[in-house]
Amino acid sequence: MAETLLFNALREAIDEEMGRDDTVFVLGEDVGVYGGSYKVTKDLYNKYGELRVLDTPIAENSFTGMAVGAAMTGLRPIIEGMNMGFLLLAFNQIANNAGMLRYTSGGNYKIPMVIRGPGGVGRQLGAEHSQRLEAYFQAVPGLKIVACSTPYNAKGLLKAAIRDDNPVLFFEHVLLYNLKEDLPNHEYVVPLDKAEIVRPGKDVTILTYSRMRHHVTQAVKGLEKKGLDPEVIDLISLKPLDFDTIGASIKKTHRVIIVEECMKTGGIGAEIIASINDRYFDELDAPVVRLSSQDIPTPYNGKLETLTIVQPKQIEAAVENMVALKV
Amino acid sequence: MVQERTLPQFHAPAAQIAPEEGLRLYEDMILGRFFEDKCAEMYYRGKMFGFVHLYNGQEAVSSGVIKSLRSDDYVCSTYRDHVHALSAGVPAKNVMAELFGKETGCSKGRGGSMHLFSSEHNMLGGFAFIGEGIPVALGAAFQSRYRRDALGDSSADQVTACFFGDGTSNNGQFFECLNMAALWKLPILFVVENNKWAIGMAHERATSQPEIYKKAAVFGMPGVEVDGMDVMAVRAVAQEAVARARAGEGPTLIEALTYRFRGHSLADPDELRSKAEKEAWLARDPIKRFEGYLLEQNLADEGTLKEVRDRIQTRIDDALTFAEESPEPSPDDLYKYIFAED
């Protein structure tokens, strides 16, 4: 076992996969000589050379489209979005080309590519650098969307994403890069389509992902002291959702709280609630509650920023209210 | 009518071409023309749907460039993609079946007129939005260089031909990709088919520098203009650009001056282009011109050319029958092809 920081876990995943398969390459802004804005590709340029760790000009839509063309012709590109918010500039290439082209081409081409990078609300980064794009992209057919949350799952999921033959949007969180965890010395891969039961429990199901998993974990400490026993599920896969795991939990607890960092309107939680109503309405003892970010551009001011995203105390209160059936 | 640009001089009689090669080009141009004429007929008879953009008038560009490629080279097109697909070797029956939305279509009836694909023929696609095909083509070209220089595969010398129009040359992806192609010396031909009109927007009204080939210079890339109504001239510049690309000497921007003989799409009333302009360009029909060349140079006689036309007409008729008789996709397969495993 070796204690590893999350950004290094991602780096190990890329390094191992590049060593394993020489069609895997990285491209993006400052991924090469500079080593990546969060050092996820540090030293890989020296190891693999300038074509396999390709520093691109600042041209998100064009280098994303270039990765699609490279994937169509047999390579396995990993795009680093220096900040995932920049991918709005590549929305057309991600939606029309990465997402839809396999279907539109009647199966002529597959697009094995990973688009990864930091998203989420950081520390006073301002609205444009604090985006949660997962909700924007979830309606695009043909994309898989994954959010990692720990060094262990970051490494295993990224390896799985690189090996997947489909376009995978891989969300990291800007505030989680320095999380530490002992990782196995042996090679491992974490499946992309499985939610992770973080804490089994019986009172209520908390569905969360990315950094909010850690806010939930903090809230659970308080809830445990009050004798409550919530089940915490990290969704991991935001598309497709793992309804086997979600459904089994609902059948056990009959209550659901969703904790997400994306905005409430049109968010991941909105989709989950609709799907739960479709599939498990009869299992529910209470309406599903969602705790989401406010529907506003993330303000720069620190106090306003804190008010924008869900805090552990709010999660604690929501669970208590639900268990007391005061929803 | 805007003053036409002076066409670059090209001395066709001096160009060496074997009779078989001349007939191969002629056949390809006839195939493009007859195919598109049949599409127009089917559209107006209500057998074909959606947006259909025909290529009539521009045949010398597709044939001149794509017939200068090898079969393992790549072709990337736009929404006006039928003829590029045909030149790239996608069988007419599979293109026609695609336009009929049939399971036997080259995109299994899921793509339609603007989304023709064939991995077998390295046809990277018809791309419906302006400019989005350029980075995809760049990716195919990058892949060739990657295989050659990162993976040490000396046989990886495939070239990519990327087609787009004058309107696209004002789009950011054009400039971004020219920059990257020159920066990394990628084996790619950027072929602008300047047909003077982006639907109703005259080229001169949309751009500060109408001579598109000159935009190559700022990227340190060769830019050439060519008479897009002369297949021999197009072929000559394409062959030179392909040789450069294949030798690892990087990209070329080719601006082919051409004209579409029909509206932007079959839904376009085509009210803005003057009669005088249309007649002037119709008089320069690339197929008639090439017929004249083949006859003058004794590369073919009337009988041989007629045989080609008859053979192609039969192929188009067969393609139509094939398309009409082919099955539609099964409703059970509605979700097929979303993911690679499907």
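Note that this is a predicted model, so its numbers are computed, not measured. (Residues numbered from 1 in each chain as written. Chains lettered and ligands numbered in written order. Predicted model: local features only at pLDDT ≥ 70, side-chain atom pairs only at ≥ 80, totals over all residues. Heavy atoms only, no water.)

The next point concerns the side chain of K215(B). Residue and element names in this part refer to chain B. Relative to the assigned elements, K215 resides in the loop between helix 7 (203–206) and strand 7 (223–227). The buried charged residue K215 lacks any salt bridge, with E255 as its nearest oppositely charged partner at 8.3 Å. From its side chain, K215 meets the backbone oxygen of Q209 in a polar contact 3.2 Å long. For K215, the contacting residues outside a window of four places in its chain are S169, N170, F174, F175, L178, T207, Q209 and L253. (Helix = DSSP H or I, 4+ residues; strand = E, 2+ residues; numbered from the N terminus. Buried < 20%, exposed > 50% of the residue type's maximum accessible area, 1.4 Å probe, protein only. Lys, Arg positive; Asp, Glu negative; His and termini not counted. Salt bridge = Lys/Arg side-chain N within 4 Å of Asp/Glu carboxyl O. Polar contact = N/O pair within 3.5 Å; in protein donor to acceptor, adjacent residues only side chain to side chain. Contact = heavy atoms within 4.5 Å.)

The tally for this structure, following the rule as stated, stands at 14 aromatic pairs over all chains. Centre to centre, the rings of F142(B) and Y146(B) are 5.9 Å apart; their planes meet at 50°, and the pair counts as tilted. Highlighted residues: F142(B) and Y146(B), both in helix 5 (residues 133–150), separated by four residues, approximately one helical turn. An identical accessibility class is assigned to F142(B) and Y146(B); each is buried. When the centroid spacing of 5.6 Å and the interplanar angle of 65° are considered together, the rings of F164(B) and F174(B) count as edge-to-face. Here F164(B), found in strand 3 (residues 160–165), pairs with F174(B), found in helix 6 (residues 172–183); they are 10 residues apart in sequence, far enough to count as distant. An aromatic cluster is present here, built from F25(A), F142(B), Y146(B) and W184(B) joined pairwise through their rings. Just above the ring of Y34(A) sits the side chain of K39(A); from NZ or CZ to the centre is 4.3 Å. R279(A) extends its terminal NZ or CZ atom over the ring of F243(A), reaching a point 4.1 Å from the ring centre. (Phe/Tyr/Trp six-rings, centres within 6.5 Å; stacked < 30°, edge-to-face > 60°. Lys NZ or Arg CZ within 6 Å of the ring centre and 35° of its normal.)

Residue and element names in this part refer to chain A. At their nearest, the axes of helix 1 (residues 6–20) and helix 7 (residues 151–163) sit 8 Å apart, and the two run at 30° to each other. Here helix 7 runs roughly parallel to helix 1, going by the angle between their axes. Crossing of helix 1 against helix 7: the hand is right-handed. The residues of helix 7 that touch helix 1, namely those facing L6, A9, L10, E12, A13, I14, E16, E17 and R20, are P151, A154, K155, L158, K159, I162 and R163. (Axes fitted to C-alpha atoms, helices over the stretch in contact; angles between N-to-C directions. Parallel < 35°, antiparallel > 145°, perpendicular 65-115°, else oblique. Left-handed = near helix turned anticlockwise from the far one by under 90°.)

Glancing now at the sheet that holds strand 14 (residues 289–293) of chain A. All names here are of chain A. Reading across from one edge, 9-11-10-13-14 is the order of the five strands in this open sheet, with mixed pairing throughout. The open sheet has two free edges, formed respectively by strand 9 (196–199) and strand 14, since each of these has just one partner strand. The sheet shows a mean angle of 25° between the axes of neighbouring strands, taken without regard to direction. Sheet strands in contact with helix 12 (residues 312–323) are strand 10 (205–208), strand 13 (256–263) and strand 14, and its direction is about 150° off that of strand 13. (Pairing = 2+ DSSP bridges.)

What follows covers the interface of chain A and chain B. Each side of the interface is counted separately: chain A has 44 residues, and chain B has 45 residues. Where chain A meets chain B, there are zero salt bridges. Connecting chain A to chain B are 21 residue pairs in polar contact (both at pLDDT 80 or more). Secondary structure elements with two or more residues in the side of chain A that touches chain B: strand 2 (24–28), strand 3 (53–55), helix 3 (60–72), helix 4 (91–99) and helix 5 (101–104) of chain A. The biggest single contributor to the side of chain A that touches chain B is helix 3 of chain A, with nine residues. Along the lines of polarity and charge, the residues of the side of chain A that touches chain B split into 17 nonpolar, 19 polar and eight charged. (Nonpolar A, V, L, I, M, F, W, Y, C, P; charged D, E, K, R; others polar.)

Moving on: the UniProt feature "domain: Transketolase-like pyrimidine-binding" (unreviewed entry) in chain A. Residues given the UniProt feature "domain: Transketolase-like pyrimidine-binding" (unreviewed entry) here are residues 4–179 of chain A. With 36% helix and 18% strand, the stretch residues 4–179 of chain A has end C-alpha atoms that lie 8 Å from each other. (UniProt positions renumbered as here; feature names shortened; annotations may be inferred.)

Our next topic: the pairing of strand 7 of chain B. Residue and element names in this part refer to chain B. In the sheet, strand 7 pairs with strand 8 (residues 252–257) via five bridges, with the strands oriented parallel. Counted as the bridge partner of D227 is L257 from strand 8. With helix 8 (residues 231–246) bridging strand 7 and its parallel neighbour strand 8, the resulting β-α-β unit is right-handed. (Right-handed = clockwise from strand over helix to strand, strands pointing away.)

Right, let's talk about the layout of surface pockets for a bit. All names here are of chain B. Of the pockets and cavities examined, the largest pocket occupies roughly 320 Å³. Lining of the largest pocket is provided by 22 residues; of these, Y79, R80, I130, G165 and H264 occupy positions nearest its centre. Going through the elements one at a time, strand 3 and strand 5 (197–198) are the ones with two or more residues in the lining of the largest pocket. Classifying every residue of the lining of the largest pocket gives 10 nonpolar, nine polar and three charged. (1 Å grid on protein atoms, 1.4 Å probe; cavity = no way out; pocket = protein on both sides within 12 Å on 5 of 7 lines; lining within 4 Å. Points joined across faces, edges and corners; volume = space filled by probe spheres on them.)

Residue and element names in this part refer to chain B. Sheet architecture is open: six strands sit in the order 2-1-3-4-8-7, paired in parallel fashion. Each edge of the open sheet is held by one strand with a lone partner, namely strand 2 (123–126) and strand 7. The mean angle between the axes of side-by-side strands here comes to 15°, regardless of whether they run parallel or antiparallel. In the sheet, strand 3 pairs with strand 4 (residues 188–194) via six bridges, with the strands oriented parallel. Within the sheet, the bridge partner assigned to F163 lies in strand 4 and is V191.

It is worth spelling out the domain arrangement of chain A at this point. All names here are of chain A. What the domain assignment reports for chain A is domain 1 (2–183) and domain 2 (196–323). Contacts between the two partners involve 31 residues from domain 1 and, on the opposite side, 26 residues from domain 2. When domain 1 packs against domain 2, the two sides together hide about 2,300 Å² of surface, and 55% of this comes from carbon and sulfur. Area buried by domain 1 at its contact with domain 2 is led by Q124, R132 and Q138, which between them contribute 28% of it. (Domains from an automatic or database assignment. Buried area = accessible area lost by both parts, 1.4 Å probe.)

Core analysis: the largest hydrophobic core is formed by 84 residues, its most contacted members being M113(A), L207(A), I276(A), F142(B) and F190(B). Of the residues forming this core, the biggest block, eight residues, is contributed by helix 5 of chain B. Each of domain 1 (2–183) and domain 2 (196–323) of chain A contributes no fewer than three residues to this core. When neighbours within four sequence positions are excluded, M113(A) is seen to be in contact with T64(A), A67(A), V68(A), A71(A), P77(A), I79(A), A98(A), N166(A), P167(A) and V168(A). In this structure, L69(B), M232(B), A233(B) and I287(B) belong to the second largest nonpolar core, which totals 68 residues. (Core = buried A, V, L, I, M, F, W, Y, C linked by side-chain atoms within 4.5 Å.)

Applying the stated criterion across every chain, the model contains 55 salt bridges over all chains. A salt bridge links K155(A) to E12(A), with the nearest nitrogen and oxygen atoms 2.9 Å apart. With K155(A) in helix 7 and E12(A) in helix 1, the pair connects residues that are 143 residues apart, well separated along the chain. Across the pair R235(B) and E21(B) runs a salt bridge whose closest N-O atoms are separated by 3.8 Å. A residue pair is termed long-range when its members are at least 10 positions apart, and R235(B) in helix 8 and E21(B) in helix 1 (residues 19–44) qualify at 214 residues. Each member of the pair, R235(B) together with E21(B), is buried. Bridged by salt links that share partners, the residues E12(A), E16(A), E17(A), R20(A), K155(A), K159(A), R163(A) and E187(A) form one connected network.

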